[in-house]
Amino acid sequence: MPGIRQPPAMLCCMPGVAFVPALLVSWSSASFIISYVIAVLAGHVEPLVPYISDTGTKPPESGVFGFMINISALLAVITMCIRYLLIEKQNESSHFIRSSCNMFSLCIGLVGCIGMGIVATFQELAVPSVHDIGALVAFGSGVVYITLQSIISYKSCPQWNTYFVCHIRMAISVISCIAFIPMIVFASQISMTKIDWTPDEKDYTYHFLSAICEWTVAFGFIFFFLTFIRDFQRVSLRISTEIHEDS
């Protein structure tokens, strides 16, 4: 006799996935802070505004930095994919943006995550050229991603976002964009690759200003993803399966 299809059996129902961006924000913040503290206590970097990568170059902090940044990249991928699916669902009824624009934003974000993986895997002093390319990809793609997401947020107002949240996102995007440009310009003026800088050294001013901009952009990303938490409270994660019985 033909198989009889039973109603779907729900294996898991989770009311909201706000924990995903929350975990991304807390984990990424911890990765920066923990590696910084270890590097400073070990005497590998000066306490006053080192590059983020400088705090993850020598052991033992290099292992902590690499592991935690790779996890951050994975969490960022998950967050961006959920954000993409959320916008697609909202767009079904509101039609506030082209689906291709949403996909383009996701792809840019994923490229940035690949850059994060390169930064975490290839140490600054071991393979500086590869490391620098990864950092440029991560920060450049990240700035473009949050800017696109800010524009998408405005497009979805007022049904899916408040203008207050949109203004915050755009402000973070603008600050990150402004900081990204001098970060690259000042870094390009540095003639040596090292991590233990002192104020009386050549190119220290360029290093100092570039590092300030780098930290600004990095925490700009963190604060931006923090604004996703409320949006993700509307999303439920449901995993189901269908049971087939033959008689």
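Further up the page is the structure itself.
Fair warning: this is a prediction, and the values are worked out from it, not measured in the lab. (Residues numbered from 1 in each chain as written. Predicted model: local features only at pLDDT ≥ 70, side-chain atom pairs only at ≥ 80, totals over all residues. Heavy atoms only, no water.)

1. Remarks on the overall build of the protein
- Assigned secondary structure in the protein consists of seven helices and four strands.
- The order of α-helices and β-strands along the protein, N terminus first, is β-β-α-α-α-α-α-α-α-β-β.
- Within the protein, buried positions represent 44% of all 247 residues.
- Long-range pairs, those at least 24 residues apart, make up 75% of the contacts in the protein with a sequence separation of at least 6.
- Working note: accessible area of the protein is about 12700 Å², and carbon and sulfur atoms make up 70% of it. (Helix = DSSP H or I, 4+ residues; strand = E, 2+ residues; numbered from the N terminus. Buried < 20%, exposed > 50% of the residue type's maximum accessible area, 1.4 Å probe, protein only. Contact = heavy atoms within 4.5 Å. Areas by Shrake-Rupley, 256 points an atom, 1.4 Å probe, with all protein chains shown as cover.)

2. Let's talk about the state of the cysteines
- The final tally for this structure, using the stated rule, is zero disulfides.
- There is no disulfide at Cys107, and the cysteine sulfur nearest it, in Cys81, is 9.7 Å away.
- Given the relative accessible area of 37%, Cys107 is considered partly exposed. (Disulfide = S-S within 2.5 Å.)

3. Comments concerning the layout of surface pockets
- In this structure, the largest pocket occupies an estimated 510 Å³ of space.
- Along its surface, the largest pocket is lined by 21 residues, and Tyr51, Glu124, Asp132, Ala187 and Ser210 are the ones closest to its centre.
- Those elements giving two or more residues to the lining of the largest pocket turn out to be α4 (128-155), α5 (163-188) and α6 (204-226).
- A per-element tally of the lining of the largest pocket places α4 first, with six residues.
- Class assignment of the residues belonging to the lining of the largest pocket gives a composition of 11 nonpolar, six polar and four charged. (1 Å grid on protein atoms, 1.4 Å probe; cavity = no way out; pocket = protein on both sides within 12 Å on 5 of 7 lines; lining within 4 Å. Points joined across faces, edges and corners; volume = space filled by probe spheres on them. Nonpolar A, V, L, I, M, F, W, Y, C, P; charged D, E, K, R; others polar.)

Read these as spatial facts, not as claims about activity.
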